[in-house]
Amino acid sequence: MISLHDVRFEYPHGGFSLDVPDLTVASGTRTAAIGPSGSGKTTLLNLISGIERPGSGEVRTAGVRVDRLSPAARRSFRSTTVGFVFQEFLLLEYLDVLDNILYPYRLHPELRLDASARSRARGLASDLGLASLLDRRPSELSQGERQRIAIARALVTEPALILADEPTGNLDPATKQQALDLLFEQCEARSTTLLMVTHDHGLLDQFAQVVDVDALGPAKA
Ligand code: ADP
Ligand code: MG
């Protein structure tokens, strides 16, 4: 699903560089990315999804050389292939739960908001225990419920890959495991590949592979 080869990335104004000689994530598997704050975990996800482009090297995601795509093609690639879950959830307060789940369809004109997308959104809401909350606003929900909306939103477009950046960082332990179980269950049901950044070493035995981003490449600024 993901392969990086001889990748070198540097932010334009210097300071930080990330080298990834070789990294592979197999389709349908769960991988955790760990490393201290500032080690480049988010940068790595951004290279994989094509938000950032490497200075050199190959980034192949879902069979596509994303490093070779134009900015517009990378945006379109992301909208159809990648689902994102963030620590801050990034929900929109002016939208109810159902419209938050369907937000990717507002954001990306190339995605069609048809009856099957709406029915997928309702099905995910139901699977994630949100069925009775569809017309609430995010501020009327618990942190755990908010994160479950973010998980449903990441899955609603049926992406081949989910990138989750510290998705449980704002959750208490019980809520955290519940959100993770639901995320894992949904990914497994669709053979969706999951790459998740976490600081929580207690979770690592639930992943097939653990990537230490700090140990990836030789040259560190
Ligand atoms: P992590 O997610 O592991 O905490 P990041 O990938 O966010 O680390 O950041 C790695 C390093 O790159 C940090 O030192 C950060 O300050 C720097 N950095 C992140 N984004 C940018 C940017 N847009 N421009 C310049 N430097 C950045
Ligand atoms: Mg980060």
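Further up the page is the structure itself.
What counts and how
- Residues numbered from 1 in each chain as written.
- Chains lettered and ligands numbered in written order.
- Predicted model: local features only at pLDDT ≥ 70, side-chain atom pairs only at ≥ 80, totals over all residues.
- Heavy atoms only, no water.
- Helix = DSSP H or I, 4+ residues; strand = E, 2+ residues; numbered from the N terminus.
- Buried < 20%, exposed > 50% of the residue type's maximum accessible area, 1.4 Å probe, protein only.
- Contact = heavy atoms within 4.5 Å.
- Areas by Shrake-Rupley, 256 points an atom, 1.4 Å probe, with all protein chains shown as cover.
- Pairing = 2+ DSSP bridges.
- Axes fitted to C-alpha atoms, helices over the stretch in contact; angles between N-to-C directions.
- Near = heavy atom within 4 Å.
- Polar contact = N/O pair within 3.5 Å; in protein donor to acceptor, adjacent residues only side chain to side chain.
- Nonpolar A, V, L, I, M, F, W, Y, C, P; charged D, E, K, R; others polar.

**Points about the overall build of the protein chain**
On a plain count of helices and strands, the protein chain comes out with seven helices and nine strands. Considered along the principal axes of its C-alpha atoms, the protein chain spans approximately 50 × 40 × 30 Å. Counting across all 221 residues of the protein chain, residues that qualify as buried make up 50%. Taking all contacts inside the protein chain whose residues are at least 6 apart in sequence as the whole, residues at least 24 apart take part in 71%. Working note: accessible area of the protein chain is about 9900 Å², and carbon and sulfur atoms make up 48% of it.

**Section: the sheet that holds strand 1 (residues 2-10)**
Taken together, the four strands give an open sheet; going across it, the order is 2-1-4-5, and neighbouring strands pair in antiparallel fashion. The open sheet has two free edges, formed respectively by strand 2 (17-25) and strand 5 (64-65), since each of these has just one partner strand. Here strand 4 (residues 56-61) pairs with strand 5 via two bridges, running antiparallel. Its bridge partner lying in strand 5, R60 is registered against R65. Here helix 1 (residues 41-49) sits on the sheet and contacts strand 1, strand 2 and strand 4; the angle it forms with strand 1, its principal contact strand, is near 120°.

**What to know about the site of ligand 1**
Taken together, the neighbourhood of ligand 1 is formed by Y11, F16, P36, S37, G38, S39, G40, K41, T42 and T43. K41 is positioned with one of its side-chain polar atoms (N or O) 2.8 Å from an oxygen atom of ligand 1. Side-chain polar atom of T42 to an oxygen atom of ligand 1: 2.9 Å apart, as the coordinates give it. Classifying every residue of the shell around ligand 1 gives three nonpolar, six polar and one charged.

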